[in-house]
Amino acid sequence: MNKFDIADAALADSGQRRIEWALQEMPVLRGLRERFGRERPLQGLRLSGCLHITTETANLARTLKAAGADVVLCASNPLSTQDDVAAALVKYDNIPVYAIRGVSTGVYYQHINAALDHQPVITMDDGADLVSEIHKSRGELLDSMLGSTEETTTGVIRLRAMAAAGALRVPVIAVNDAMTKHLFDNRYGTGQSTLDGIIRATNVLLAGKTFTVVGYGWCGRGIAMRARGHGAHVVVTEVEPLRALEAAMDGFRVMPLLEAAAESDFVVTATGDKHVVDRVHMEVMKDGCVLANSGHFNVEINLPALEALATNRHRPRTHVDTYRLAGGRRIHLLAEGRLVNLAAAEGHPSAVMDMSFANQLLAAIHLATRDVPLENAVHPVPAEIDHEVARLKLAAMQIGIDTLTGEQLSYLSSWEEGT
């Protein structure tokens, strides 16, 4: 392939304006770009990223390049690419990008392999597709790799499965599990952007509707919280008892999905698992139910089952496919079952991606500058990186906090003093 593959180079100026707009809400990354532009800790290191090609990712890529990295990007989802952003990175930053919105699965994997042709020593993943492809068909790259970083819950699940099976041959830092990532990006970012995608796609009023959230992890918590804020009657379904109990104590109705499906106006998945909305649920859904996915891959909804149940399908709006079932019931699928927040909207707000991508950057530098390589396993983000990101974000928000006195530090580190 050529050194890039984008939809339309003429879109670059539009992308440049939007990238600069996003940067205004990313003060942590701005500060790190200035610092590492001087220090150049990634000087000469080849880095390939399989990420959503958005304005926020563009600012991460520019920061990585400022830190000295030789960067190549491909998309981590066929429907999340912002074509003007891809064009801007190629034109203004000379960063090779292999990403076109709406490509086929075949082209998607061609783009992944083009990014791997860069022979990266560090990869950045959003769903583990790069690391997975390396292990499946590009094993010649493994010996020279320092490691990888992973952005998503779904990707971390895949990578931990690889590690448990003894198949993982590179160290991976689970950026997704950083407190400054999942507490903010997953909860506030996914919460807002998922509702944004649903509203843009449908223009349906949420107030007064029954809105079911499938899964009460950090993403599910955020979606439920924001849906309640819109006046929806929120139901949570879970398989994990502690999370189900938490949802109930947070004031949400909790019930099995089979019960919830029969009364829901909206059903939104956020689990990282396969076929959590299955044929049995579709068979009882009320007429006009809106079905959306906010998990990384389009497997959370059993799309083949939906196709098999439907007598016909049409597209009344850009991101809505209406499936008519026997008997006349309709199910409205958003964004082809892909991430509704990126396929039908613009993804997370820049302010939360500021922290997530700061973690990505600092994790990559941690891999690159270690004296002793990490073992081949899934590793947490070092606590000092997490705390540094939080400190920088607080400073950018002009929020001050207290510090412990010497007496308090001594008390917390001793055991002799009691009542």
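Refer to the structure above for everything that follows.
Calculation notes
- Residues numbered from 1 in each chain as written.
- Predicted model: local features only at pLDDT ≥ 70, side-chain atom pairs only at ≥ 80, totals over all residues.
- Heavy atoms only, no water.
- Buried < 20%, exposed > 50% of the residue type's maximum accessible area, 1.4 Å probe, protein only.
- Helix = DSSP H or I, 4+ residues; strand = E, 2+ residues; numbered from the N terminus.
- Core = buried A, V, L, I, M, F, W, Y, C linked by side-chain atoms within 4.5 Å.
- Contact = heavy atoms within 4.5 Å.
- Patch = residues over 30% accessible without salt bridge, like charges linked within 9 Å, V, L, I, M, F, W, Y side chains within 5 Å.
- Areas by Shrake-Rupley, 256 points an atom, 1.4 Å probe, with all protein chains shown as cover.
- Salt bridge = Lys/Arg side-chain N within 4 Å of Asp/Glu carboxyl O.
- Expected span 1.5 Å × (residues − 1).
- Arc of directions from axis to C-beta.
- Polar contact = N/O pair within 3.5 Å; in protein donor to acceptor, adjacent residues only side chain to side chain.
- Pairing = 2+ DSSP bridges.
- Axes fitted to C-alpha atoms, helices over the stretch in contact; angles between N-to-C directions.
- 1 Å grid on protein atoms, 1.4 Å probe; cavity = no way out; pocket = protein on both sides within 12 Å on 5 of 7 lines; lining within 4 Å.
- Points joined across faces, edges and corners; volume = space filled by probe spheres on them.
- Nonpolar A, V, L, I, M, F, W, Y, C, P; charged D, E, K, R; others polar.

### As for unusual backbone geometry
Working step 1: One non-glycine residue, histidine 275, adopts positive backbone phi at about 55 degrees.
Working step 2: For histidine 275, a relative accessible area of 27% translates into the label partly exposed.
Working step 3: Here the phi dihedral of alanine 335 falls at roughly 55 degrees; this positive angle occurs in a residue that is not glycine.
Working step 4: Mapped onto the fold, alanine 335 is located in the loop between strand 14 (330-334) and helix 14 (340-343).

### Section: the nonpolar core
Working step 1: Counting residues in hydrophobic clusters, the biggest one holds 51 residues, and the most contacted among them are Ile53, Leu60, Leu64, Leu73, Val97 and Leu361.
Working step 2: The element that contributes the greatest number of residues to this core is helix 15 (residues 350-369), accounting for 10 residues.
Working step 3: Those residues in contact with leucine 73 that sit more than four places away from it in its chain are Gly49, Leu51, Ile53, Thr57, Ala61, Leu89, Ile95, Pro96, Val97 and Tyr98.

### Describing a nonpolar patch on the surface
Working step 1: A surface patch of nonpolar side chains, amounting to about 440 Å² of accessible area, comprises Leu404, Leu409, Tyr411 and Leu412.
Working step 2: Structurally, leucine 412 is set in helix 17 (residues 406-412).
Working step 3: For leucine 412, a relative accessible area of 62% gives the class exposed.

### Some words on helix 1 (residues 12-23)
Working step 1: With 12 residues, helix 1 should reach 16 Å at 1.5 Å per residue; the first-to-last C-alpha distance of 16 Å fits that figure.
Working step 2: All buried positions along helix 1 are accounted for by Ala12, Gly15, Gln16, Ile19, Ala22 and Leu23. Buried residues along helix 1 cover an arc of 125 degrees about the axis, so they all sit on one side. Opposite its buried face, helix 1 presents the exposed residues Arg17 and Trp21, each directed more than 90 degrees away.
Working step 3: For helix 1, the secondary structure elements touched by its buried residues are helix 2 (27-39), helix 3 (55-66), helix 4 (83-93) and helix 15.

### What about the side chain of serine 76?
Working step 1: Turning to its location among the elements, serine 76 is positioned in the loop between strand 2 (70-75) and helix 4.
Working step 2: Looking at serine 76, the relative accessible area reads 1%, which means it is buried.
Working step 3: Within the structure, serine 76 has its side chain in polar contact with the backbone nitrogen of histidine 52 (distance 3.1 Å).

### Comments concerning the pattern of salt bridges
Working step 1: Overall, the coordinates contain 23 salt bridges when judged by the stated rule.
Working step 2: Between arginine 138 and aspartate 117 there is a salt bridge, with its nearest N and O atoms 2.9 Å apart. Taken together, the positions of arginine 138 in the loop between helix 6 (129-137) and strand 5 (147-150) and aspartate 117 in the loop between helix 5 (105-116) and strand 4 (122-125) put the pair 21 residues apart, joining distant regions of the chain.
Working step 3: Residue classification places arginine 138 among the buried positions, given a relative accessible area of 13%.
Working step 4: Shared partners join several salt bridges into a network, and the residues in it are Arg18, Asp84, Asp196, Arg200 and Glu346.

### Quick notes on the sheet that holds strand 5
Working step 1: Strands sit in the order 3-2-1-4-5-6-15 across an open sheet of seven strands; the sheet is parallel. Each of the sheet's edge strands pairs with one partner strand only, and the pair in question is strand 3 (97-98) and strand 15 (378-380).
Working step 2: Seen against the sheet, helix 5 touches strand 1 (46-51), strand 2 and strand 3 and runs at an angle of roughly 170 degrees to strand 2.
Working step 3: Contacts between helix 15 and the sheet are confined to strand 1, strand 4, strand 5 and strand 6 (172-174), with strand 4 contributing the most and set at about 155 degrees to the helix.

### Quick word on the layout of surface pockets
Working step 1: Estimates place the volume of the largest pocket at around 1000 Å³.
Working step 2: Lining the largest pocket we find 50 residues, and of these Thr153, Cys219, Ala270, Thr271 and Gly272 sit closest to its centre.
Working step 3: Mapped onto the lining of the largest pocket, the elements with two or more residues apiece are helix 3, helix 7 (153-164), helix 8 (179-202), helix 9 (218-229), helix 14 and helix 15.
Working step 4: The residue inventory of the lining of the largest pocket, partitioned by class, reads 16 nonpolar, 22 polar and 12 charged.

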